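Coordinates in review
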Amino acid sequence: MAHVILGLLLIAPQSFYDLIKRFEAGVALFYSASSGSIKRALDTLLARGFIEVASMEAGGRGRKVYRLTDAGRQEFRAWMTGDLAGADLETAALSRLYFLGLLEPAERVPVLRRITARVETDLAAFSALDKHLDTLDIPEEQRDLATHQRATLDYGIASLRFMLDWFRDHTDRHETPNR
């Protein structure tokens, strides 16, 4: 969440309300966030020196507009160009894809390759589990449950195959821009 907010603030300084609207208008395609989680992330980013208050309106509401600091820009860039961490691969990949245009063109393909490599790793793990399950003898009383659990794994494998094909194609288009 924090890195998504950094990306949004790199696009333009924004208030808390503006950030909520940006999440609703685009980021929600790949990342779900409540106003409370956005507020907590803003407080953390402020405390860590990654953002600062650019301006504050006078009056009862005191609308604050936030902007990135140099440390925030560095943190965002390190996240974008670093390895994908965490169990939610789809969110990690789509978050970076969403902000890929904020990087220099020469930095984009390596990011796409890291995403592709992580998808390949996860797909290999799912495929290994699939092969292992083929070796198990499932008791009769658990076969209905196992059938649907296996269907869940099949869905995950199909989803990862789609993701892998999509990111490979997208990477190819960036490697050969005239395509």
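Calculation rules
Residues numbered from 1 in each chain as written. Predicted model: local features only at pLDDT ≥ 70, side-chain atom pairs only at ≥ 80, totals over all residues. Heavy atoms only, no water. Axes fitted to C-alpha atoms, helices over the stretch in contact; angles between N-to-C directions. Helix = DSSP H or I, 4+ residues; strand = E, 2+ residues; numbered from the N terminus. Parallel < 35°, antiparallel > 145°, perpendicular 65-115°, else oblique. Contact = heavy atoms within 4.5 Å. Nonpolar A, V, L, I, M, F, W, Y, C, P; charged D, E, K, R; others polar. Pairing = 2+ DSSP bridges. pLDDT = per-residue confidence, 0-100. Buried < 20%, exposed > 50% of the residue type's maximum accessible area, 1.4 Å probe, protein only. Phe/Tyr/Trp six-rings, centres within 6.5 Å; stacked < 30°, edge-to-face > 60°. Salt bridge = Lys/Arg side-chain N within 4 Å of Asp/Glu carboxyl O. Polar contact = N/O pair within 3.5 Å; in protein donor to acceptor, adjacent residues only side chain to side chain.

Between two packed helices, the angle of one axis relative to the other and the distance separating the axes together describe the packing. In the contact formed by helix H1 (residues 2–11) and helix H2 (residues 16–25), the axes pass within 11 Å of each other and the chain directions differ by 105°. Accordingly, the angle class assigned to the pair H1 and H2 is roughly perpendicular. Residue-level contacts link Val4, Ile5, Leu8, Leu9 and Ile11 of H1 to Leu19, Arg22 and Phe23 of H2. Partitioned by chemical class, the residues of the contact of H1 with H2 number 7 nonpolar, no polar and 1 charged.

On to the sheet that holds strand S3 (residues 64–68), then. With respect to topology, 3 strands assemble into an open sheet ordered S1-S3-S2, the strand pairing being antiparallel. With one partner strand each, in any of the chains shown, strand S1 (14–15) and strand S2 (51–56) form the two edges of the open sheet. Inspection of the sheet shows S2 paired to S3 by 5 bridges, in the antiparallel sense. Considered in S3, the bridge of Glu52 is made with Arg67.

Turning our attention to the confidence of the model for the protein chain. Mean pLDDT for the protein chain: 90, with 96% of residues reaching 70 or above. Mean pLDDT in the protein chain bottoms out at S2, which sits at 84, and peaks at helix H4 (residues 70–81), which reaches 96.

It is worth spelling out the environment of Asp83 at this point. Turning to its location among the elements, Asp83 is positioned in the loop between H4 and helix H5 (89–99). Residue classification places Asp83 among the exposed positions, given a relative accessible area of 62%. Between the C-alpha atoms of Asp83 and Leu94, which are 11 residues apart in sequence, the distance is 14 Å.

The subject of this paragraph is the packing of aromatic side chains. Overall, the coordinates contain 6 aromatic pairs when judged by the stated rule. Where Phe76 meets Trp79, the ring centres are 5.8 Å apart and the plane angle is 45°; that geometry is what we call tilted. With a gap of 3 residues between them, Phe76 and Trp79 both fall in helix H4, about one helical turn apart. Both residues of the pair, Phe76 and Trp79, count as buried. Between the aromatic rings of Phe76 and Phe99, the centroid separation amounts to 5.8 Å while the plane-to-plane angle is 85°, which identifies the pairing as edge-to-face. Here Phe76, found in helix H4, pairs with Phe99, found in helix H5; they are 23 residues apart in sequence, far enough to count as distant. Of the two residues, Phe76 and Phe99, neither departs from the other in class, the shared state being buried. Taken together, the ring pairs connect Phe30, Phe76, Trp79, Tyr98 and Phe99 into an aromatic cluster.

This next bit is on the pairing of S3. Note that S1 and S3 share 2 bridges and pair antiparallel. Opposite Ser15, over in S3, you have Val65 as the bridge partner.

Looking now at the pattern of salt bridges. Taken as a whole and assessed by the stated rule, the structure comprises 13 salt bridges. With a shortest N-O distance of 2.2 Å, Glu107 and Arg77 are connected by a salt bridge. Taken together, the residues span a long stretch of sequence, with Glu107 in helix H6 (residues 105–134) and Arg77 in helix H4 at a distance of 30 residues. Assessed through its relative accessible area of 17%, Glu107 is described here as buried. Each of Asp130, Asp134 and Arg150 takes part in salt bridges that share partners, so that together they form one network.

Moving on, we get to the side chain of Ser95. By the secondary structure assignment, Ser95 is in helix H5. A relative accessible area of 3% means that Ser95 is categorised as buried. A distance of 2.6 Å separates a polar side-chain atom of Ser95 from the backbone oxygen of Thr91. Setting aside chain neighbours within four positions, we find Ser95 in contact with Val4, Phe30, Tyr31 and Trp79.

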